[in-house]
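Listed below are the residues making up each chain.
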Amino acid sequence: MRTLPFLYLATILETTQLIPNNLHLLRPHSGIAGHHLEGVNCLSWRLAIETDNIQDWDVVPSECENYIGNYMLGQQYRDDCQFVADAAYDYAKNLTLAGDGMDIWVFDIDETTLSNLPYYAENGLGAEEYNSTSFNAWVEEGIAPALPASLDFYKKLIDLGFKVVFLTGRHETYKEITISNLKNQGYTTWEKLILKPANDSSTAVVYKSAERAALEAEGYRILGNMGDQWSDLLGTPTGNRTFKVPDPMYYIG
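Parameters and conventions
- Residues numbered from 1 in each chain as written.
- Predicted model: local features only at pLDDT ≥ 70, side-chain atom pairs only at ≥ 80, totals over all residues.
- Heavy atoms only, no water.
- Core = buried A, V, L, I, M, F, W, Y, C linked by side-chain atoms within 4.5 Å.
- Buried < 20%, exposed > 50% of the residue type's maximum accessible area, 1.4 Å probe, protein only.
- Helix = DSSP H or I, 4+ residues; strand = E, 2+ residues; numbered from the N terminus.
- Salt bridge = Lys/Arg side-chain N within 4 Å of Asp/Glu carboxyl O.
- Pairing = 2+ DSSP bridges.
- Axes fitted to C-alpha atoms, helices over the stretch in contact; angles between N-to-C directions.
- Contact = heavy atoms within 4.5 Å.
- Polar contact = N/O pair within 3.5 Å; in protein donor to acceptor, adjacent residues only side chain to side chain.
- Expected span 1.5 Å × (residues − 1).
- Arc of directions from axis to C-beta.
- Parallel < 35°, antiparallel > 145°, perpendicular 65-115°, else oblique.
- Nonpolar A, V, L, I, M, F, W, Y, C, P; charged D, E, K, R; others polar.
- Disulfide = S-S within 2.5 Å.

With that settled, consider the nonpolar core. Counting residues in each nonpolar core, the largest one holds 53 residues, and the members touching the most others are Met-72, Trp-105, Phe-107, Phe-153, Phe-166, Tyr-187 and Met-226. Here this core gets 7 residues from one element, more than from any other, and that element is helix α4 (residues 75-92). Within the second largest apolar cluster, 10 residues are counted, among which are Met-102, Val-165, Tyr-220 and Ile-222.

Let us now look at the pattern of salt bridges. In the structure shown here, the tally under the stated rule is 10 salt bridges. With its nearest N and O atoms 3.0 Å apart, the salt bridge here joins Lys-208 to Asp-108. Linking Lys-208 in helix α9 (residues 204-217) with Asp-108 in the loop between β1 (103-107) and α5 (117-121), this pair joins segments that are 100 residues apart in sequence. Its salt-bridge partner being Lys-208, residue Asp-232 comes within 2.7 Å of it at the nearest N-O pair. Note that Asp-232 is positioned in the loop between β4 (221-227) and β5 (242-244) and Lys-208 in helix α9, a separation of 24 residues in sequence. Each of the two residues, Asp-232 as well as Lys-208, counts as buried. Each of Asp-100, Asp-103 and Arg-221 takes part in salt bridges that share partners, so that together they form one network.

Quick look at the pairing of β1 now. With 5 of 5 residues buried, β1 lies mostly within the body of the structure. In the sheet, β1 pairs with β4 via 5 bridges, with the strands oriented parallel. Counterpart to Val-106 in the pairing with β4 is Asn-225.

Before going further, it helps to examine the sheet that holds β5. With parallel pairing, 5 strands are arranged side by side in an open sheet as β3-β2-β1-β4-β5. The sheet terminates laterally at β3 (192-196) and β5, the two strands that pair on one side only. Put simply, the sheet's adjacent strands are angled 20° from each other on average, direction ignored. Summarising the sheet, β4 and β5 pair through 3 bridges and their orientation is parallel. When the sheet's bridge partners are listed, Met-226 is paired in β5 with Phe-243. With respect to the sheet, α4 is in contact with β1, β4 and β5, its orientation differing from that of β5 by roughly 165°. Contacts from α9 reach β1, β2 (163-171), β3 and β4, with the element oriented near 150° to β2.

Turning next to helix α2 (residues 42-50). Inspection of α2 places Cys-42, Trp-45, Arg-46, Ala-48, Ile-49 and Glu-50 among the buried residues, and these make up the whole buried set. Buried-residue contacts for α2 involve α3 (65-73), α4 and β5. Measuring from the side-chain oxygen of the N-cap residue of α2 to the backbone nitrogen of Leu-43 gives 3.2 Å; that N-cap residue is Asn-41. Just downstream of α2, Asp-52 is the residue with a positive phi angle, here 65°.

To continue, consider α4. Its 18 residues place the ends of α4 26 Å apart at the C-alpha level, agreeing with the 26 Å of an ideal helix rising 1.5 Å per residue. Every buried residue belonging to α4 is among Tyr-77, Arg-78, Cys-81, Val-84, Ala-85, Ala-88, Tyr-91 and Ala-92, and all of these are buried. Along α4, the residues classed as buried sweep out an arc of 155° about the axis, all on the same side. Considering only its buried residues, α4 is in contact with α3, β1, α7 (148-160), β4 and β5.

What follows concerns the packing of α4 against α7. What describes two packed helices is the angle between their axes and the distance between those same axes. Packing of α4 against α7 brings their axes to within 9 Å, and their N-to-C directions diverge by 10°. If you check the angle between α4 and α7, you find them roughly parallel. Residues Cys-81, Gln-82, Ala-85, Ala-88, Tyr-89 and Ala-92 of α4 form the contact with α7, whose own contacting residues are Ala-149, Phe-153, Lys-156, Leu-157 and Leu-160. For the contact of α4 with α7, the residue count by class is 9 nonpolar, 1 polar and 1 charged.

The next thing to look at is the state of the cysteines. Following the criterion strictly, the structure yields 1 disulfide and no others. Paired by a disulfide, Cys-42 and Cys-64 hold their sulfur atoms 2.2 Å apart. In this structure, the disulfide formed by Cys-42 and Cys-64 twists by about -90° around the S-S bond and is classed as left-handed. Here Cys-42 is found in helix α2, whereas its partner Cys-64 is found in the loop between α2 and α3, with 22 residues between them in sequence. You'll find Cys-42 and Cys-64 in the same group, each marked buried.

Spelled out as structure tokens, the structure:
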């Protein structure tokens, strides 16, 4: 975010790289309460995009750059992620699994189980146009930290007897580095890791719906589905329950 002091941002990024899983050492000096900027109510804008009432947006409005930066780097984002994870666990722990290994939970990866916040903290936190070259270079480093709430929930699901499927829009080109990144961050076991074929130009909704349908055709039961984009959760089939992780930085249709 351009208004964050450069030295401060450099310090928190360096600290995050030194301490595994401490994604949320990235934080600003101020919170997000009381932000009402002329022409745009940024809290209302964030609510609208999280509820999918605003679609097909490209970047965070310039008036809300500071607001979204403070949200993503502050306590409220952490609390919101934890709230989603807690709600998902309350649902999952009350289910009776069949015990045949076919009850699965589907997770997205980026901004759901792994966080690219260190990358976005240096690239506008959603206020700059997406740059596939620089983002893919970040992915290839394989150092994205886990979202702490999601990692804790993942471990609880494993203990409950769920099988986990990662369904990501990352291309198959990045399969090996994604496996390494997931395992290094504590996601040590899964039933399937599904990446998008390099020649697949379909939308996220079409691609992920087709992959979930293929899972059900194999006999799997999708009891839960979690993602940061509505395109992770829409389409047919979606799974028995869906859980939306907050992400006001970008939109994938």
